[in-house]
There are 4 protein chains.
Amino acid sequence: SRIGFIGLGTIGMAMVRNLIKHGHKVSVWNKTVSKCTEIADVDVKVYDSPAQLVSACDIVLACLADPFAVKEVLFCQNGVMESMGPGKAFVDLTTVDVETASDAECQIKRAGGEYLEAPVSGTKKDAVNGTLLIMAAGNEDLYKRCTSCFQAISKKSYYLGSVGHGTRMVLSLSLINASINCAVAEGMALADRVGIKHADLLDVLSNSACNSQLVSTTSKAIIAKNFTSQLSLKHIQKDMKYAIEMADMYDQPLHMAASVNEMYKRGKSLGLSNLDMSAVYKATSK
Amino acid sequence: SRIGFIGLGTIGMAMVRNLIKHGHKVSVWNKTVSKCTEIADVDVKVYDSPAQLVSACDIVLACLADPFAVKEVLFCQNGVMESMGPGKAFVDLTTVDVETASDAECQIKRAGGEYLEAPVSGTKKDAVNGTLLIMAAGNEDLYKRCTSCFQAISKKSYYLGSVGHGTRMVLSLSLINASINCAVAEGMALADRVGIKHADLLDVLSNSACNSQLVSTTSKAIIAKNFTSQLSLKHIQKDMKYAIEMADMYDQPLHMAASVNEMYKRGKSLGLSNLDMSAVYKATSK
Amino acid sequence: SRIGFIGLGTIGMAMVRNLIKHGHKVSVWNKTVSKCTEIADVDVKVYDSPAQLVSACDIVLACLADPFAVKEVLFCQNGVMESMGPGKAFVDLTTVDVETASDAECQIKRAGGEYLEAPVSGTKKDAVNGTLLIMAAGNEDLYKRCTSCFQAISKKSYYLGSVGHGTRMVLSLSLINASINCAVAEGMALADRVGIKHADLLDVLSNSACNSQLVSTTSKAIIAKNFTSQLSLKHIQKDMKYAIEMADMYDQPLHMAASVNEMYKRGKSLGLSNLDMSAVYKATSK
Amino acid sequence: SRIGFIGLGTIGMAMVRNLIKHGHKVSVWNKTVSKCTEIADVDVKVYDSPAQLVSACDIVLACLADPFAVKEVLFCQNGVMESMGPGKAFVDLTTVDVETASDAECQIKRAGGEYLEAPVSGTKKDAVNGTLLIMAAGNEDLYKRCTSCFQAISKKSYYLGSVGHGTRMVLSLSLINASINCAVAEGMALADRVGIKHADLLDVLSNSACNSQLVSTTSKAIIAKNFTSQLSLKHIQKDMKYAIEMADMYDQPLHMAASVNEMYKRGKSLGLSNLDMSAVYKATSK
């Protein structure tokens, strides 16, 4: 099938390269046109609008910044919905809120098209290595037809049932990841303050039961004071915000997550939005 | 050297067995005498008081519940201090507060003895398997003389400098462990509430960047609703309390840890003190 | 001018009675028709739809549960917007989020009508006594024409500038009120737990610098265990949620408010939604 | 009776002046001798040690910084205990932890003396005006003999039963005061960030149900950016710390108070320790 791709950010760009590497023909559209030139070294066809891209493709995948960007791409002039119809499918790899996923499905189905919610978890490095996790929900037939695409960009994909379950899973997972990252930051801020040596701390962490890829990456970034973004602080804060809003709808208290969310907001307030999420260390240590 | 051991709780008992398995001659004292019969299958000599134990041994190790128990063992009638003097050494494997460690060193040195602070990190299983972590500080010569003892009970030991650094390290590590355990509990409480299936969640966690021995153990305990203690909720809350008190002395804010500590306190208030720390899930899910 | 009123909840009903008492002719519409019979003792004309009410009146005031109810009343079939146009004014007394207020103004202006945002602060008792506070913003001329209406229902009204400033003010005030109510609850939970007598505590509070109408009402409700709603727990939690969402847009950390919001959510989770906000005591004391 | 006074800090100095104004003969001791010259304008006799002061007086009142200072004054060389015995009474106006109060009573009784725990609540202004609140517990006969002293320094005193109840009451009250102060700071930080005018906010607060002497003082200090200490940030944080430690002993969760305590710690970390507690605004607004 002819694959379209919307959203050439850091993650999206890496996904397109992996799709091509795995033998897919990929056409693209991006809001900022100049981004398309960055991918001129590979054989992609660039379209002038989401509507044109949908017309030319069977399945269009999108990887965007947030729900607002998704709604714009769907509903704006020359947007996805203008060409949506039977035989057309839209697969949203963006982490959105439950309401946005549900609205998108509703509109696309009404137009006769197919919708799959497929948010991903992972870092920039995972995107480049094709080792993301995909948490899909919605049209199961469409999920199956995406198998080869998903294999190109992820180490594993899950089909979780009706629309909303992908978002619910990815937000639950993000809550845990965001909290662990913050826990490492706060623990290291304490260790620093009381005079523990960095090398000792790293060594202990790497031998303890809490050691994981995430704990290792975060602790090394903090010690190196290298906050080049693998997963931006503003991105993980956005996920926390949606997790907390989802919990609000279900009257689920989240004392810890709420506290963690405020630390990331403090990070944003300190100008750390575009740094790696490990930069929350700067917010905890002051 | 003749090794003495004070404190035959779950962890202490496992340590004594490992010391004997590695060829050490071990004498013991325990406040509750009946506990000594549990270890009657191996060759240990039981003494009637800490003072008698110290008289008969070169190095006495202690693994107790909290700083109050340590002070009692040191300073009570027929306590450690009554036999302390040149040629005698006291190695405290208990996690205490910085002040208690510092006081103990001061008194023992004044009496002509040697002191090593050596708190451990790990679960009941680690104690049984001899795979704890030891964070030692104080008398470096004594640390070296403890090498074979430490090899019997731990997978790795660290020497971290002057007294207080062991406690500082173990409390920083406990803060991170306690927070991660709580993060998993809160994330799973959210997932449950919004209708995510347990099997799916476990699978996603095990493939994600946050996967660690700790995350795995906690998430499996929660799904199995099996809260048999590996590391009791009251124990980890005690560590959090000391970490926060230490931070207070240094004016280090710990927004997340303070929130986590209150969750564990809620757990204690709900009667979960002696269950595994993963039982904090019950406090988050209500 | 002919006054219309939408929303005969506890607060709205009291407002209508005060408007009539002050000599206004009031017509009404309510979603649940039966509510209109509760006010049959006074001279109000009941209309069949918001659209008909707007047609018959110059100024329509609304006092609804939340932004969803406001949007429904504005945009549903036979809604306010169908009769909106030159010479018609809509005054929203509901506490909404900033976005809803801004959208409402935009649509009403486009239709040629006038809009005033006028959220209120106060309890059921204040509504009955006509002693609410009104925080208005938007069309200043319309604000002036509402003077006699506002005098009927409030002890004071403020004009705060462009649309959004009423919401911003009322949410900032709600954050403070919600936090104070929770502080009293948590302080009294602690006092109870440690064996302080209720009568002593009330006496001390009433003589201390923190004494206010709010502290007095909350502490007396807790001691009497009488949680008949003056301002419902779910209502104050909704305000906290919007305050926190507003803060999110501005990257303003709110560590304390986030913690308080989770306490109210815990209250909702425990089934306390429709009780008075002082019932958060039950969530803090367990 | 001959009155002794220990502790010529801001609050203590004001107390001594009020005692003299009400006709009491007062002798004093202060660690920093130079402080005694500040009170040379009134007729006080200065002693060289706590022990000498106790020898010369019937009742010695103390108003000190914290439990450490109390213990020093009691137990150091030439301390209170050296002259303590039948006919001698010690009244502690300091806010301490429950353990310190209990230890002090125990030692003083053993020596044959009398002890009253009498922590106060209020600001520097209250101390000057003699309008503090006194929360006394312990020896009831001694409490009665202190009546005229307490009338000189307070607007009201309470007798609350056995030792510990004064501390429990004052810590519960401090928790509420500290939280309200922080709520005002956080609400005003939000209002500022979203563009609400200071004059409007002050006006709304003064007319709302939350208005109190505390809310008024805090909000005015914040708007004037005048953080001259009435009650220092470090002092209120110390009280929060003891309230939280007391709650820990009783397994009482304090989610809000823990969050508030961290804000004050952040304030201390930012160098605001000696400013008024309203300066916590600076910690919330960053």
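This section reports on the structure supplied with the text. Everything quoted here is computed from the prediction, not taken from an experiment. (Residues numbered from 1 in each chain as written. Chains lettered and ligands numbered in written order. Predicted model: local features only at pLDDT ≥ 70, side-chain atom pairs only at ≥ 80, totals over all residues. Heavy atoms only, no water.)

## Brief notes about the overall build of chain A
The helix and strand tally for chain A stands at 13 helices and 9 strands. Relative to the compact-globule value of 19 Å for 286 residues, chain A shows a C-alpha radius of gyration of 20 Å, a close match. Considering only C-alpha atoms, chain A reaches an extent of 65 × 45 × 30 Å along its principal axes. The buried share of chain A, taken over its 286 residues, is 63%. Look at the contacts in chain A between residues 6 or more apart in sequence, and 68% of them connect residues 24 or more apart. Of the roughly 10100 Å² that chain A leaves accessible, carbon and sulfur atoms contribute 50%. Computing the positive centroid from 30 side-chain charges and the negative centroid from 28, chain A places the two 5 Å apart. (Helix = DSSP H or I, 4+ residues; strand = E, 2+ residues; numbered from the N terminus. Rg over C-alpha atoms; globule rule 2.2 N^0.38 Å. Buried < 20%, exposed > 50% of the residue type's maximum accessible area, 1.4 Å probe, protein only. Contact = heavy atoms within 4.5 Å. Areas by Shrake-Rupley, 256 points an atom, 1.4 Å probe, with all protein chains shown as cover. Lys, Arg positive; Asp, Glu negative; His and termini not counted. Charge placed at Lys NZ, Arg CZ, Asp CG, Glu CD.)

## Notes on the relation of the copies chain D and chain C
What connects the two chain copies is a rotation about an axis and a shift along it. Here chain D sits on chain C after a turn of 180° about the axis and a move of 0.0 Å along it, with an RMSD of 0.0 Å. In symmetry terms, the pair is related by a two-fold rotation axis. The rotation axis passes nearest to the C-alpha of Ser212(D) in chain D, at a distance of 2.4 Å. (Least-squares fit on C-alpha atoms with pLDDT ≥ 70 in both.)

## So, the packing of aromatic side chains
Residues and elements named next belong to chain A. Under the defined criterion, the tally for this structure stands at 11 aromatic pairs over all chains. Ring plane angle 40° and centroid distance 5.3 Å describe the contact between Tyr143 and Tyr159, whose orientation is recorded as tilted. Here Tyr143, found in helix 6 (residues 140–145), pairs with Tyr159, found in strand 9 (residues 154–159); they are 16 residues apart in sequence, far enough to count as distant. A residue is classified by how much of its surface remains accessible, and Tyr143, at 14% relative accessible area, is buried. For Tyr159, a relative accessible area of 24% corresponds to the partly exposed category. (Phe/Tyr/Trp six-rings, centres within 6.5 Å; stacked < 30°, edge-to-face > 60°.)

## Some remarks on the interface of chain D and chain C
Contact residues are listed per partner, giving 59 residues for chain D and 59 residues for chain C. When chain D packs against chain C, close to 5100 Å² is buried across both sides, 69% of that on carbon and sulfur atoms. Interface area lost by chain D to chain C is led by Glu186(D), Leu190(D) and Met256(D), which between them contribute 13%. Scanning the region where chain D abuts chain C turns up 2 salt bridges. (Buried area = accessible area lost by both parts, 1.4 Å probe. Salt bridge = Lys/Arg side-chain N within 4 Å of Asp/Glu carboxyl O.)

## Re the packing of helix 8 (residues 165–193) of chain A against helix 12 (residues 255–269) of chain A
Each pair of packed helices can be described by the angle between their axes along with the distance between the axes. Residue and element names in this part refer to chain A. Interhelical geometry of helix 8 versus helix 12 gives an angle of 65° and a closest axis separation of 10 Å. Between helix 8 and helix 12 lies a crossing of left-handed hand. Counting all contacts with helix 8, which are made through Leu175, Ala178, Ser179, Asn181 and Cys182, the residues of helix 12 involved are Met256, Ala257, Val260, Met263 and Tyr264. When grouped by side-chain class, the residues that make up the contact of helix 8 with helix 12 number 8 nonpolar, 2 polar and no charged. (Axes fitted to C-alpha atoms, helices over the stretch in contact; angles between N-to-C directions. Left-handed = near helix turned anticlockwise from the far one by under 90°. Nonpolar A, V, L, I, M, F, W, Y, C, P; charged D, E, K, R; others polar.)

## Describing the relation of the copies chain D and chain A
Each copy of the sequence occupies a distinct position, and chain D is placed on chain A by a rotation of 180° and an axial shift of 0.0 Å, giving an RMSD of 0.0 Å. Of the residues that chain D buries at the interface, 100% are likewise interface residues in chain A, meaning the two copies contact each other through the same surface.

## Some details on the interface of chain D and chain A
With 7 residues of chain D at the contact, the number on the chain A side is 7 residues. Across the interface of chain D and chain A, roughly 600 Å² is buried in total on both sides, 37% from carbon and sulfur atoms. The tally of links between chain D and chain A comes to 0 salt bridges. The residue inventory of the side of chain D that touches chain A, partitioned by class, reads 2 nonpolar, 2 polar and 3 charged.

## A few points about the pairing of strand 8 (residues 132–138) of chain A
Residue and element names in this part refer to chain A. Burial analysis of strand 8 places 7 of its 7 residues in the buried class, the great majority of the element. Here strand 8 shows no split at all, with Leu132, Ile134, Ala136 and Gly138 on one side and Leu133, Met135 and Ala137 on the other all buried. Sheet topology note: the strand 6 (residues 114–117)/strand 8 ladder contains 2 bridges and is antiparallel. The residue of strand 8 that forms the bridge with Leu116 is Gly138. Pairing between strand 7 (residues 120–121) and strand 8: 2 bridges, direction antiparallel. Looking across to strand 8, one finds that Val120 is bridged to Ile134. When strand 8 meets strand 9, the two strands line up parallel, connected through 5 bridges. Following the sheet pairing, Ala136 is matched in strand 9 by Tyr159. (Pairing = 2+ DSSP bridges.)

## Observations concerning the pattern of salt bridges
Opposite charge on two side chains permits pairing when their charged atoms draw close. All names here are of chain A. The tally for this structure, following the rule as stated, stands at 51 salt bridges over all chains. A salt bridge links Arg145 to Asp141; the nearest nitrogen and oxygen atoms lie 3.2 Å apart. Highlighted residues: Arg145 and Asp141, both in helix 6, separated by 4 residues, approximately one helical turn. Here Arg145 falls in the partly exposed class, since its relative accessible area comes to 38%. In the salt-bridge network here, residues are joined through shared partners; they are Glu114, Asp141 and Arg145.

## Remarks on the packing of helix 8 of chain A against helix 11 (residues 233–249) of chain A
All names here are of chain A. Where helix 8 contacts helix 11, the axes come no closer than 9 Å and their chain directions differ by 120°. The angle between helix 8 and helix 11 places the two elements in the oblique class. Where helix 8 crosses over helix 11, the handedness of that crossing is left-handed. Residue-level contacts link Arg168, Leu171, Ser174, Leu175, Ala178 and Ser179 of helix 8 to Ile236, Asp239, Met240, Tyr242, Ala243 and Met246 of helix 11. (Parallel < 35°, antiparallel > 145°, perpendicular 65-115°, else oblique.)

## Here's the deal with the environment of Asp41(B)
Residues and elements named next belong to chain B. By secondary structure assignment, the location of Asp41 is in the loop between strand 2 (26–29) and strand 3 (44–46). Its relative accessible area of 57% is what places Asp41 among the exposed residues. For the pair formed by Asp41 and Arg17, sequence separation is 24 residues and the distance between their alpha carbons is 10.0 Å. Separated by 2.9 Å, the side chains of Asp41 and Arg17 make a polar contact. (Polar contact = N/O pair within 3.5 Å; in protein donor to acceptor, adjacent residues only side chain to side chain.)

## A closer look at the state of the cysteines
For the structure shown, the criterion picks out 0 disulfides over all chains. The closest cysteine sulfur to the non-disulfide-bonded Cys210(A) is located on Cys210(B), 12 Å from its own sulfur. For Cys210(A), a relative accessible area of 1% gives the class buried. (Disulfide = S-S within 2.5 Å.)

## Some details on helix 1 (residues 10–21) of chain C
All names here are of chain C. Taking 1.5 Å as the rise per residue, helix 1 with 12 residues should run 16 Å; its terminal C-alpha atoms sit 17 Å apart, in good agreement. Those residues of helix 1 not exposed but buried are Gly12, Met13, Ala14, Met15, Val16, Asn18 and Leu19. Positive backbone phi, approximately 95°, marks Gly23, located one or two places after helix 1. (Expected span 1.5 Å × (residues − 1).)

## Points about helix 12 (residues 233–249) of chain C
All names here are of chain C. Along its 17 residues, helix 12 runs 25 Å from first to last C-alpha, staying within 8% of the 24 Å computed at 1.5 Å per residue. With 12 of its 17 residues buried, helix 12 lies for the most part within the structure. Within the sequence span of helix 12, burial applies to Leu233, Ile236, Gln237, Lys238, Asp239, Met240, Tyr242, Ala243, Ile244, Met246, Ala247 and Asp248. In the segment just after helix 12, Asp251 is the residue with positive phi, at about 55°.

## With respect to unusual backbone geometry
The backbone phi angle of Asp251(B) is positive, close to 55°, even though this residue is not glycine. Residue placement: Asp251(B) occurs in the loop between helix 11 (233–249) and helix 12 (255–269). A positive phi angle, close to 60°, is found at Asn78(C), a residue other than glycine. With respect to the helices, strands and loops of the structure, Asn78(C) is situated in the loop between helix 4 (67–75) and strand 5 (89–92).

## Some points on the environment of Thr94(C)
Residues and elements named next belong to chain C. Within the element layout of this structure, Thr94 appears in the loop between strand 5 and helix 5 (98–110). As for Thr94 and Tyr158, which are separated by 64 residues in sequence, their C-alpha atoms are 15 Å apart. Ignoring any residue separated from it by four or fewer positions in sequence, one finds Thr94 in contact with Ala62, Cys63, Leu64, Ala65, Asp66, Val70 and Pro119. Side-chain polar atoms of Thr94 contact the side chain of Asp92, separated by 2.7 Å.

## Section: the pairing of strand 6 of chain A
All names here are of chain A. Along strand 6, one buried face is formed by Glu114 and Leu116 and the opposite face, lined by Tyr115 and Glu117, is buried too. Where strand 5 (residues 89–92) meets strand 6, 4 bridges bridge the pair, whose relative direction is parallel. In the sheet register, Phe90 faces strand 6, and the bridge partner there is Tyr115.

Read these as layout, nothing more, since geometry by itself doesn't imply function.
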